[in-house]
Every structure is written in C-alpha cells, then in structure tokens.
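An overview of the molecular structure
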Protein chains: 6
Amino acid sequence: MKAYLNRRYLFSASHRLHNDTMSAEENRRTYGKCNNPHGHGHNYVLEVTVSGQVDPRTGMVCNLVELDGFVRSQVLERFDHQNLNLVKEFTEIVPTTENLCIVIYDILRRGFPQAHLEKVRIEETMKNSFEYGRIL
Amino acid sequence: MKAYLNRRYLFSASHRLHNDTMSAEENRRTYGKCNNPHGHGHNYVLEVTVSGQVDPRTGMVCNLVELDGFVRSQVLERFDHQNLNLVKEFTEIVPTTENLCIVIYDILRRGFPQAHLEKVRIEETMKNSFEYGRIL
Amino acid sequence: MKAYLNRRYLFSASHRLHNDTMSAEENRRTYGKCNNPHGHGHNYVLEVTVSGQVDPRTGMVCNLVELDGFVRSQVLERFDHQNLNLVKEFTEIVPTTENLCIVIYDILRRGFPQAHLEKVRIEETMKNSFEYGRIL
Amino acid sequence: MKAYLNRRYLFSASHRLHNDTMSAEENRRTYGKCNNPHGHGHNYVLEVTVSGQVDPRTGMVCNLVELDGFVRSQVLERFDHQNLNLVKEFTEIVPTTENLCIVIYDILRRGFPQAHLEKVRIEETMKNSFEYGRIL
Amino acid sequence: MKAYLNRRYLFSASHRLHNDTMSAEENRRTYGKCNNPHGHGHNYVLEVTVSGQVDPRTGMVCNLVELDGFVRSQVLERFDHQNLNLVKEFTEIVPTTENLCIVIYDILRRGFPQAHLEKVRIEETMKNSFEYGRIL
Amino acid sequence: MKAYLNRRYLFSASHRLHNDTMSAEENRRTYGKCNNPHGHGHNYVLEVTVSGQVDPRTGMVCNLVELDGFVRSQVLERFDHQNLNLVKEFTEIVPTTENLCIVIYDILRRGFPQAHLEKVRIEETMKNSFEYGRIL
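Some thoughts on the relation of the copies chain A and chain D
- Taken as rigid bodies, chain A and chain D are interconverted by a rotation of 180° and an axial shift of 0.0 Å, the fit giving an RMSD of 0.0 Å. In symmetry terms, the pair is related by a two-fold rotation axis.
- When the interface residues of chain A are mapped onto chain D, 100% of them again lie at the interface, so the same face is used by both copies.

So this is what it looks like as structure tokens:
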C-alpha cells in the first residue's frame, strides 16, 4: 500500500513549436497552427506527484512547504511569464508539452530528493494533458 | 520512463439502461431511474490516453492532428447527438458507460495503430467516470 | 444594497429540437444536429438566483432547505432522467434550453413566494448557457 | 423579462504588456512580470452574451450556427495561436485583457447585428476575468 | 459602456452557524447540519468585482498589484485558516456566507478607494454562492 | 483488460493539524498555518475507485446504488459537517488528508466486499489531492 500526494501549480508562458532542422513545410505539417511564426501561449497547470509511506508522526507523505519552495524557485521563477523557446533547456529541443514534462521531471528528480517522484503532469489546455513518469 | 498524452473530446447523447432478458422489476432494481422508459441523456467527456517515447525530432508522443481526425470520424460522428441504444454496437449490449468505454477502446485499438493505446476514460456526469484499459 | 443567493442543481435529460409546423429542411437548418431524429441528451446545470435583504437574525437571504425541497419536488423529480419532449410543458413548445429556463422560472415564480426570484440560468454544455429573468 | 444566451469559445495567444510611451521603470511598475521582454501567453476563454425575446417558433434567442460562424472567422481565426501585440488592433493600444474585451465587443457590435450584444467576458486565467458591456 | 475586472482569491476556514438568542431547536431547524456543535469548514472562493473606464495609457481598469496587496493583508491574512466564529466581525453576527460577503464588501469599500467596487461574490461550495452589491 | 469506476462524493469538515507529542514550535514548523489553534476547514472531494470485469448481463462493474448507500451511511454521515479532530478514528492520529484517505480506504475495504477497491482519492483544495491504494 502506498500514499500519493498530487500538488498543482499554475504558470503562463508562450512558445512556438518549430524545429530548425525540418523544412518550413514539414514544420507546418507537424505542428499545425502551433508553428505560427510569432508564437502563442498557454496557462499551464503543472501537477507533481510524489509517493511514499505516511509518516506516523506527522501524518504526511512529504513536507509541502519544502516542495512548494523548491518548485517556486527552480520551476516557476524560471518558466512563469516567459517565452519557453528562450529558456536554456529548450535551446536544443522543441518546447512541446511532452518535453516540458521531461524537463520539469528532471529538475525535480535531481534537486528534490526529499520524496519519491512518481510523475509530472501538465495540462496545456482544457483538451490536452501530458504526463511523464516511470513505466507502470 | 514513458510519456503519456491525454486528449479530451466532448459529445452529447441519450441512452436508456434496460436489458430485455431481465424482468421489468429486475431492470428497475438494477438501473434505478436510468431505466426510465423514454431515456435521458448526458454530456460525455471522453479522454483517450496514448503512450510512448517522445520522438526526439518532433518532441511529440503522437500526432494530434491524426488522432483528432480518427476520433472525429470514427467516434464523434457516430455517437454525438445520437441515441446510443440505436447505435450498431449496442444492439446486443446495454449502453452503460462501462460498455461505452469498451466499445470506444476497441474502435481505437483496431483502427489507430499510430500510437500505443493505454486506456479510455469517460466522464458521464460530474460524479461518475469510468475507465477501460490494460491491467496495471 | 442587496444580497443574492445562487443555488445549483444537476439533472440529466434527453431532448430533440423539432417543430412540427416547420418543414424537415427548415428544422434541419434551424437546429442542426440537435434535430437528429432519435434525440440526444445533456447534463443540465440549473442555477436559481434569489435576492433580498439579509435577515439580521438568521444571517440568511432565504432558507435553503425550503428552496431545495421545492426544486426537488417541482423541478428535479419531473425533469431528471426524462425525455423533455414528453414533459407536459413541452407539448406545445420546443424544449430548447431557452424555453427550459422560462418553464422553470415560471414554476418557481408561481410556487415559491418565500424569496424574490431574480433569474434562472441553465448550462446545457460547457460551451452554452442560458438565462431568463427581469430586464436589468 | 428577457432571455440571455452565453456562448464560450477558447483560444490561445501570447502577449506582452508594454507601453512605448512609458519608461522601462514605469512599465515594470505598472505591469509587473507581464512586462517580461519576450512575452508570455494564456488560454483565453471568451464568453459572448446576447439577449432578446425567445422566438416562439424556434424557441431560440439567436441562431448559434450564425454566431459561431461569425466568431470563428472574425475573432478566432485572427487571434488564436497569435502574438496579440502583432494583431492590427493592438498597434496603438496595449493588449491587456480589458482592451481585448473592447476590441472583440466592437467587432461583434459592428459585424453581427442578428442579436442584441450584451457583453463580452474574457477569462485570462483561473484568477482573472474581465467584462465589457453597457452600464447596468 | 463600462469595463469590469473580476479577481478571485481562495481561502479555507471553519464556521458554525448558531445564534445564541435562538433556542437549540430553532437553531437546528434554521441551520440544519451547519449547526453541528463542533463546526465544519469550507474552501471559500472570493471574487471581487471592480469597474470603471479603461485607462487609455495603461489599458487597465485597476492596478491588480494594489488590489491583491489590499485583499491579502486585510482579508486573507485575517480569515484564511481561521475559525470565522472567532473573527472580530462575527462576534455579534452569524458567520453565514451572506454575512461574510457583507463584511468583506465593507472592508473593501472603506479601505480600497482606488477602484469602484461593484460586488463581492463568495462560493461556499460547488452548489452555493452568494453575492452582495448595489441594487441593479 | 480491466474496467474501473470512479465515483465522487462531497463533504465539508473542519480540522486542525496538531500532534500533542510534538512541541508547539515543531507543530508550527511542520504544519504551518494548518496548525492555527482554532482550526479551519475544507470542502473535500472524495473519489472512490473500484475495478473488475464488466458483468455481461448488466453492463456494470459494481452496483452504484449499493456503493452510494454504503458511503453515505459509513463515511458521509460520520464525517460531513464535522470537526475531524473529534471523529473516533482521529483520536490517536493527526487528521491530515493522507490519513483521511487511509481511514476511508479501510472503512471501504472492511465493509464493502461487493467490488474490488483500487484506491481512495481526496481533493483537499484545488491545489492538493491525495491518494491511497495498492502499490502499482
């Protein structure tokens, strides 16, 4: 038996889906209107899931104050109200929401050992969400 | 590690839960007000989950334009604004939302090999949702 | 200054938009897929707004238990899990959500004098809502 | 008594709040992180409200197919997946959501006389929404 | 023509609906389970609406940073994660959500003259919301 | 392949996070404002997930009427509109939402053998949710 904590954070950013190594036509066919030249943006909803045993003393899986502090300084302050194409992690890879999940997963896995990271989930719009985590 | 894409679609339909091989009394006891003779309806929220590795070139798990096209022509155009009891797949089985998940799962599994199908989830109301997929 | 209470209720029903006095072609052009012959359905969200002064003794605009009892017996028990085309009020008028607002407004205005009725609002889908009330 | 129809549309766009006639310092103080140089973006939820008497023949306030067609061609196709700062209407005014409401209100008032326009409402994020309409 | 800004804030608090001048029986009849002796709680969603002309220079109705700062220090820090029955404003009146609207409206009207206050709206649960403002 | 039913229930309650065996300072550091002396409250959204094969006769995984009856009498009537710190199960453990998940999971596992219980999920606020179930 295991307990899971899901914590949600909101941020807004712009991006343009475009791969310099593909032709204009292929970019257009692959990304549709997300390839529009001047970019567009979203309100992203980030959900971080950590798991573990519930500490019998505190009744908690993970200290939320610590998790919030880490996500604020390492994720939100770097991505919120930014153009994702200009963020360091996206100089070589396209800022799709799939890749955004992987980037944030890696930031958490490396920098936040206080809890077992299960997955990162990002809602890009009411219609699309993406997740990245270990194979179930 | 694996990435997941969840894509949501909306459709509205009517249905009546009723099994001809059960007595009127048993139908009433099993389905409650969902057995009311003239049917009722819902706004269904369909969520399709596919998974895979993120393509390093496109940054995507699955081409959304293709998935949307398939779901539109094979699911939404056949079920949206219809009476589910009259749809071909429900001539022999009761159109519960459990069975609706299975029917849509099978349509996707057979007709959309472009991505690995994980599960189909349908919200029937704010209070009920159903999922169908491989055993975790 | 005035206080307002908004109270939400959920019900599910089916309907078909069709006017017998119009031609098949005109029905189709007017109602689109909502004219499909076998009906479809929705999860309706009904919101009733009443207003008044806040009673200094109870701190309330209107007794919710009384409002809930009235709406349950006079609206929900009659419309929930039904085919609206077969409900008495819709024998002569088309069960659009505009007309559904008017019908429920009239039921409340006539039968629930305990509070000042401001308006009735119905969400038909995530994309459509309708309201009926006094001219602002 | 009057009936109201509220219709919602979704679009995603990027913008940067910045007024060239103000100093960098004043821009920063006025717009905070919304003044970040490379822009950011949102999923905008646009809600258009029209009103009128319910047509006794159709049971409708306004033909939705016509409204949807107008909004699609005149608003969504011009603003969705764009950088608002580069849209014609915002060459002289700052693309705040207040101004976006006014711009869309004017497009509808001039181009869609088929229904009485009451107001335009835009949700910028889960926390912010703006409306523009006649004085109540 | 007028523009409106709606800004939402979340806080969680507990309360018990009980009037010392009423009998136990009358309290029970008036407030139902909200009169349970040890209190209960809610996640309140507060929405503040201010209005005005859009400043042609800034494109804004009201500076959000100022509004947020005022609400944080005068409302959220005093009510969030508290028992409302023990908050100074509720020593003489019952902490119904109607009265909570009035109390917050008065705090804003007296302390925040930077914008024209239209109304205060509080969602107590998914089913109940209350508003307080000038008579329309 | 397996089918899952998720059923949601709402209740409102108050709690205070505090462990008598920890110092005032440690309680404060661990629980932050959730340790405020007079408690606070939430609207909890409980989601119960059961799984199984779809019964070919009824088209259902589990009879909802039975599940609703059990949850109403064993969970909602005991926890709704209560102070969780005073509920029997929390005399020895802190009423965190992690522990609330475990308590409700155990009530269901012991008392409702009619379906295979997968997990219990509770949303405490729009930002926090917790789950408890078997290790995936």
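Quick word on the packing of helix 2 (residues 64-79) of chain E against helix 3 (residues 97-111) of chain E
Residues and elements named next belong to chain E.
- Two numbers describe how helix 2 lies on helix 3: the axes approach to 11 Å, and their chain directions differ by 140°. In this view, helix 2 runs oblique relative to helix 3, as classed from their interaxial angle. Crossing handedness for the pair helix 2 and helix 3: right-handed. Contacts between helix 2 and helix 3 pair Leu67, Phe70, Val71, Gln74, Val75, Arg78 and Phe79 from the former with Leu100, Val103, Ile104, Ile107, Leu108 and Gly111 from the latter.
- Considered class by class, the residues forming the contact of helix 2 with helix 3 number ten nonpolar, two polar and one charged.

Structural notes on the packing of aromatic side chains
- If you walk through the whole model with that rule in mind, you get 19 aromatic pairs over all chains.
- Look at Phe11 of chain C and Tyr44 of chain C: their rings are 5.2 Å apart centre to centre, the planes differ by 25°, and that puts the pair in the stacked class. Here Tyr44 of chain C lies in strand 2 (residues 40-52) and Phe11 of chain C lies in strand 1 (residues 2-15), a separation of 33 residues in the sequence.
- Assessed through its relative accessible area of 0%, Tyr44 of chain C is described here as buried.
- These aromatic residues form a ring-pair network of at least three members: Phe11, Tyr44 and Phe79 of chain E.

Details of the interface of chain B and chain F
- Contacts between chain B and chain F engage 24 residues on the former and 18 residues on the latter.
- Between chain B and chain F lies a buried interface of about 2000 Å² when both sides are counted; carbon and sulfur atoms form 49% of it.
- Across the pair Glu26 of chain B and Arg57 of chain F runs a salt bridge whose closest N-O atoms are separated by 2.8 Å.
- At the boundary of chain B with chain F, the tally comes to eleven residue pairs in polar contact (both at pLDDT 80 or more).
- Contributing elements (two or more residues each) for the side of chain B that touches chain F: helix 1 (24-31), helix 3 (97-111) and strand 5 (128-133) of chain B.
- Among the elements that take part in the side of chain B that touches chain F, strand 5 of chain B stands out by supplying six residues, more than any other.
- Bridging between strand 5 of chain B and strand 1 (residues 2-15) of chain F involves six bridges; their strand directions are antiparallel. Within the sheet, the bridge partner assigned to Tyr132 of chain B lies in strand 1 of chain F and is Ala3 of chain F.

Regarding the relation of the copies chain B and chain F
- Relative to chain F, chain B is turned by 120° and slid 0.0 Å along the rotation axis, the superposed coordinates differing by an RMSD of 0.0 Å. The relationship between the two copies is best expressed as a three-fold rotation axis.
- The fraction of interface residues of chain B whose copies in chain F are also interface residues is only 8%, indicating that the copies meet through different surfaces.

Concerning the interface of chain A and chain D
- The interface of chain A with chain D comprises 21 residues on the first partner and 21 residues on the second.
- For the pair chain A and chain D, the summed buried surface comes to about 1800 Å²; carbon and sulfur atoms form 56% of the total.
- One can count two salt bridges joining chain A with chain D.
- Across the pair Lys33 of chain D and Asp80 of chain A runs a salt bridge, and its minimum N-O distance is 2.8 Å.
- Linking chain A with chain D are 15 residue pairs in polar contact (both at pLDDT 80 or more), by the criterion used here.

Some points on helix 1 (residues 24-31) of chain D
Residues and elements named next belong to chain D.
- Along helix 1, the positions that sit buried rather than exposed are Glu26, Asn27, Thr30 and Tyr31. All buried residues of helix 1 fall inside an arc of 105° around its axis, so they share one side. Relative to its buried face, helix 1 has exposed residues pointing more than 90 degrees away, namely Ala24, Glu25 and Arg29.

Looking at the arrangement of the chains
- Regarding chain B and chain D, the two do not touch, and the least distance separating their C-alpha atoms is 14 Å.
- Contact between chain C and chain F is absent, and the minimum C-alpha spacing across the pair is 14 Å.

Remarks on the pattern of salt bridges
All names here are of chain B.
- Summed over the entire model, instances satisfying the criterion amount to 72 salt bridges over all chains.
- Lys119 is the salt-bridge partner of Glu131, the closest N and O atoms lying 2.9 Å from each other. Of the two residues, Glu131 is situated in strand 5 and Lys119 in strand 4 (residues 116-123); the sequence distance between them amounts to twelve residues.
- Exposure remark for Glu131: the relative accessible area of 14% places this residue in the buried category.

Observations concerning the pairing of strand 1 of chain C
Residue and element names in this part refer to chain C.
- Across the 14 residues that make up strand 1, a large majority, twelve, are buried.
- Relative to strand 2, strand 1 runs antiparallel, the two being bridged by 13 bridges. Residue pairing across strands places Tyr4 opposite Ser51, the latter belonging to strand 2.
- As paired strands, strand 1 and strand 3 (residues 82-83) are joined by two bridges and run parallel to one another. When the sheet's bridge partners are listed, Ala13 is paired in strand 3 with Gln82.

Reading guide: rules and limits
Residues numbered from 1 in each chain as written. Chains lettered and ligands numbered in written order. Predicted model: local features only at pLDDT ≥ 70, side-chain atom pairs only at ≥ 80, totals over all residues. Heavy atoms only, no water. Least-squares fit on C-alpha atoms with pLDDT ≥ 70 in both. Contact = heavy atoms within 4.5 Å. Axes fitted to C-alpha atoms, helices over the stretch in contact; angles between N-to-C directions. Helix = DSSP H or I, 4+ residues; strand = E, 2+ residues; numbered from the N terminus. Parallel < 35°, antiparallel > 145°, perpendicular 65-115°, else oblique. Left-handed = near helix turned anticlockwise from the far one by under 90°. Nonpolar A, V, L, I, M, F, W, Y, C, P; charged D, E, K, R; others polar. Phe/Tyr/Trp six-rings, centres within 6.5 Å; stacked < 30°, edge-to-face > 60°. Buried < 20%, exposed > 50% of the residue type's maximum accessible area, 1.4 Å probe, protein only. Buried area = accessible area lost by both parts, 1.4 Å probe. Salt bridge = Lys/Arg side-chain N within 4 Å of Asp/Glu carboxyl O. Polar contact = N/O pair within 3.5 Å; in protein donor to acceptor, adjacent residues only side chain to side chain. Pairing = 2+ DSSP bridges. Arc of directions from axis to C-beta.

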